[in-house]
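If you want the building blocks of each chain, they are given just below.
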Amino acid sequence: DGVKHSSKVIVEAIDEEKLVRFKNIEGSLLEEYKSFISTMQVINKGEITTVKWTLEFEKLDDYGPYPTKVMDFVIGMTRDVEAHHLNEKEN
């Protein structure tokens, strides 16, 4: 949307480098949500690796927005990491 956003997070959990849980403690997300936690989990299935993102949030009120912009950002970032990883394998 062309608007800069910022976020300050703490890492709540790390599990054997396969799961990382981030809790937002400051920033523009907390202007729209009471709480916002994101979890990234790497799942290995044989030769295939999957990344699963979970977003937990509490809206300020029942009519507040869903975090679609955050989901779009996370999907784009994950695709960029995948493209970089695949490029590294080819070289």
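Along every chain, residues carry numbers that run from 1 in the direction the sequence is written. Per-residue local features of the predicted model are confined to residues with pLDDT of at least 70, and side-chain atom pairs are confined, for both listing and counting, to 80 or more; whole-chain, interface and lining totals are unaffected and use all residues. Values shown for side chains rest on all heavy atoms present in the structure; no hydrogens or waters enter the calculation.

### What to know about the overall build of the protein
Convention followed: Only DSSP runs of H or I reaching four residues or more are called helices, and only runs of E reaching two or more are called strands; each is numbered from the N terminus. Burial classes follow relative accessibility: with a 1.4 Å probe on protein chains only, a residue under 20% of its type's maximum area counts as buried, one over 50% as exposed, and anything between as partly exposed.
In terms of regular secondary structure, the protein is built from two helices and four strands. Along its sequence from the N terminus, the protein presents helices and strands in the succession β-β-α-β-β-α. For the protein, the spread of C-alpha atoms along the principal axes amounts to about 45 × 30 × 20 Å. A burial count over the protein gives 16% of its 91 residues as buried.

### What about the pairing of strand β2 (residues 19-27)?
To keep things clear, this is the line we draw: By this definition, two strands are paired if DSSP reports at least two bridges between them.
Note that strand β1 (residues 7-15) and β2 share eight bridges and pair antiparallel. In the strand pairing of β2, Ser-7 is matched with Gly-27. Following β1, the chain reverses through three residues before pairing antiparallel with β2; Glu-16 in that reversal takes a positive phi of roughly 50 degrees.

### Notes on the packing of aromatic side chains
Definition in use: Stacked, edge-to-face and tilted are the three classes for Phe, Tyr and Trp ring pairs, Trp counted by its six-membered ring, which pair at centre distances within 6.5 Å; planes under 30 degrees apart are stacked, over 60 edge-to-face, the rest tilted.
One pass over the full model with this rule turns up four aromatic pairs. Arranged with centres 5.6 Å apart and planes meeting at 70 degrees, the rings of Tyr-33 and Phe-57 form a pair that is edge-to-face. Placement of the pair is Tyr-33 in strand β3 (residues 33-45) and Phe-57 in strand β4 (residues 48-59), with a sequence separation of 24 residues. With relative accessibility at 28%, the residue Phe-57 sits in the partly exposed group.

### Things to note about the confidence of the model for the protein
Quick note on the threshold: Per residue, pLDDT measures the predictor's confidence, with a range of 0 to 100.
Per-residue pLDDT for the protein averages 90, and the proportion of residues at 70 or more is 98%. Averaged over each element, pLDDT in the protein is lowest for helix α2 (residues 68-90) (86) and highest for β2 (96).

### Regarding the sheet that holds β2
Under the convention used in this document: The axes are straight lines fitted to the C-alpha atoms, using for helices just the contacting stretch, and the angles between their N-to-C directions are given from 0 to 180°. Whether two residues touch is decided by their heavy atoms; if any such pair falls within 4.5 Å, the residues are in contact.
In spatial order, the strands read β1-β2-β3-β4; together these four strands make up an open sheet with antiparallel pairing. Each of the sheet's edge strands pairs with one partner strand only, and the pair in question is β1 and β4. Averaged over all pairs of adjacent strands, the angle between strand axes in this sheet comes to 20 degrees, irrespective of strand direction. Across five bridges, the pairing between β2 and β3 is antiparallel. Within the sheet, the bridge partner assigned to Val-20 lies in β3 and is Met-40. Sheet strands touched by α2: β3 and β4. Its angle to β4, the strand with the most contacts, is close to 160 degrees.

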